[in-house]
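# Inside the fold
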Amino acid sequence: MTKNELPMTQKIEYRDGEIKVPNQPVIPFIEGDGIGKDITTPMIRILDEAVEQAYGGEKKIEWKEVLAGQKAFDATGEWLPDETIKAFEEYHVGIKGPLQTPVGGGIRSLNVALRQKLDLYVCLRPVRWFKGVPSPVRYPEMVNMHIFRENTEDIYAGIEYMTGTPEAEKVRNFFLNEMGVESVRFPESSSFGIKPVSKDGSERLVRAAIRYALERKLPSVTLVHKGNIMKFTEGAFKNWGYDLAESEFKNDTFTWRQYEAIKKEHGEAEARKALLDAREMDKVIVKDVITDAFLQETLLHPYDHSVIATMNLNGDYISDQLAAMVGGIGISPGANINYRKGYAIFEATHGTAPNIVGTEKANPSSIILSGVMMLEFLGWNKAADKVLYALEKTFSSRKVTSDLHSMMDGAKLLTTTQFADEIIKNM
């Protein structure tokens, strides 16, 4: 029986809000462009070894390659074939290497297209430090955050009109003549962008973040926004987040908004007592911070924040800054998830690095750690823990690929393949 003829029982299913994982699930994977081939193969080797060691042959991943990017275009004439989308819909969980945005391909971004087509509304980026990895901050071990970035609205909705086009002129005339907008400084030469932020989209993101915090017994969810300026988009995101926490999760959360209300009515001492009581009851503390202040806070006292819920553009900035604090985006994992339908695509978060393709210099850690996230999503935590242990042991022994080697004194330089071999040896 070939992989394409696997029985229905091999498919991951999603029923009644729960993922059902067979012992030999089919996992679609996209190799990726550029260094995708260099890093995807070792990731598969490492995950297979971890699953074998953890479960002694009882569990096994059946890998199924699907096409996207240059490899897809060369084979089919399409950058993102319908068959690839259908495979992720059918099998629910998959993983991908980095994809290059096609020039003149009619697609703004293949990554964005995948997220939009499957409505993968959460971009989940956990950030933690591994012992031995060089960091620009003094106490990187204090960084342990989980970013929930909204994946389908805000700037990803892509509503833009270039100055000089008929569309931009229509928007300009509408704003100036019908809406009475007077704040456009140079209307004749302005391009226009519109960012939709909805109540439904905000609620489902914050709901996922709070559930994640509760399931993992994490202490807080921070709503990050620029609501002091954009009151009806980002400010509304904050308010909708608080509304959701105080209604759907009223027995499991305590919000800063509630704290301020108690303080106003009964005084600061009573508000502090309510906060301490909530912490003793292991309630998730839901708070909010303005985006620019949050970027500063993550550097000064990162331990104050655990789960982060934010909109698309803010999440982009935050994800990359936090990744830099623990060693760079090369060791930063990510996932795009639809918790309502059980779809999840895990991914390398960096680019295609065409200048080092085939040189054995690529660091596969990002996609390996994304594979760890995938194992955890499947409930295969024993295998996930094996990879994490082996990876940290490898970093601690100062045996690394060229990107980290250049920043570490006394480190041993390994090729991509040798690095994967070392991780497997350390299991």
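In short, a report on the structure. (Residues numbered from 1 in each chain as written. Predicted model: local features only at pLDDT ≥ 70, side-chain atom pairs only at ≥ 80, totals over all residues. Heavy atoms only, no water.)

## A look at the environment of Met408
Note that Met408 resides in the loop between helix H14 (402-405) and strand E17 (412-413). Judged by relative accessible area, Met408 falls into the buried class, the value being 7%. For the pair formed by Met408 and Gly132, sequence separation is 276 residues and the distance between their alpha carbons is 8.9 Å. With sequence-adjacent residues up to four places away left out, Met408 is seen in contact with Gly132, Pro134, Phe395, Arg398 and Val400. (Helix = DSSP H or I, 4+ residues; strand = E, 2+ residues; numbered from the N terminus. Buried < 20%, exposed > 50% of the residue type's maximum accessible area, 1.4 Å probe, protein only. Contact = heavy atoms within 4.5 Å.)

## Things to note about helix H3 (residues 82-91)
What H3 keeps buried is the set Thr84, Ile85, Ala87, Phe88 and Tyr91. Buried residues of H3, seen end-on, are gathered within an arc of 155 degrees and therefore sit on one face of the element. Away from its buried face, by an angle of more than 90 degrees, H3 presents the exposed residues Glu83 and Lys86. Here the buried face of H3 lies against strand E3 (26-30), strand E4 (62-65), strand E5 (93-96), helix H4 (110-117) and strand E15 (343-348). (Arc of directions from axis to C-beta.)

## Overview of the pattern of salt bridges
Enumeration over the complete set of coordinates arrives at 24 salt bridges. A salt bridge links Lys96 to Glu347; the nearest nitrogen and oxygen atoms lie 3.2 Å apart. Here Lys96 is found in strand E5, whereas its partner Glu347 is found in strand E15, with 251 residues between them in sequence. Overall, the relative accessible area of 2% leaves Lys96 in the buried class. When the shortest N-O distance is used, the salt bridge between Arg172 and Glu188 registers 3.7 Å. On the criterion of sequence distance, the pair formed by Arg172 in helix H5 (residues 166-178) and Glu188 in the loop between H5 and strand E9 (192-194) is long-range, its members being 16 residues apart. Relative accessible area serves as the criterion here: at 13%, Arg172 is assigned to the buried category. Owing to a relative accessible area of 60%, Glu188 belongs among the exposed residues under this scheme. (Salt bridge = Lys/Arg side-chain N within 4 Å of Asp/Glu carboxyl O.)

## Section: the nonpolar core
In this structure, Trp63, Phe148, Val221, Met374 and Phe395 are the most contacted members of the largest nonpolar core, which totals 79 residues. For this core, the leading source of residues is helix H1 (residues 36-55), giving 9 residues. Each residue touching Met374, except ones within four places of it in the same chain, is listed here: Ile27, Leu47, Ile61, Trp63, Val93, Gly94, Ile95 and Phe346. Among the nonpolar cores identified, the runner-up in size contains 18 residues, and Trp79, Leu80, Ala87 and Ile345 belong to it. (Core = buried A, V, L, I, M, F, W, Y, C linked by side-chain atoms within 4.5 Å.)

## What about the sheet that holds strand E13 (residues 307-310)?
Taking strand neighbours across the sheet as the criterion, the 11 strands line up as E4-E3-E5-E15-E14-E6-E7-E13-E10-E12-E11 in an open arrangement whose pairing is mixed. Each edge of the open sheet carries a strand with a single partner, namely E4 and strand E11 (253-255). Across this sheet, the average inter-strand angle for adjacent strands is 25 degrees, counted without regard to direction. Strand direction decides the pairing type here: strand E14 (residues 333-338) and E15, joined by 6 bridges, are antiparallel. In the strand pairing of E15, Pro333 is matched with Ala348. Relative to the sheet, helix H6 (residues 199-215) contacts strand E6 (122-128), strand E7 (144-150), strand E10 (220-225), E11, strand E12 (284-290) and E13, its axis offset from that of E7 by approximately 160 degrees. (Pairing = 2+ DSSP bridges. Axes fitted to C-alpha atoms, helices over the stretch in contact; angles between N-to-C directions.)

Any link to function would need more than the numbers given here.
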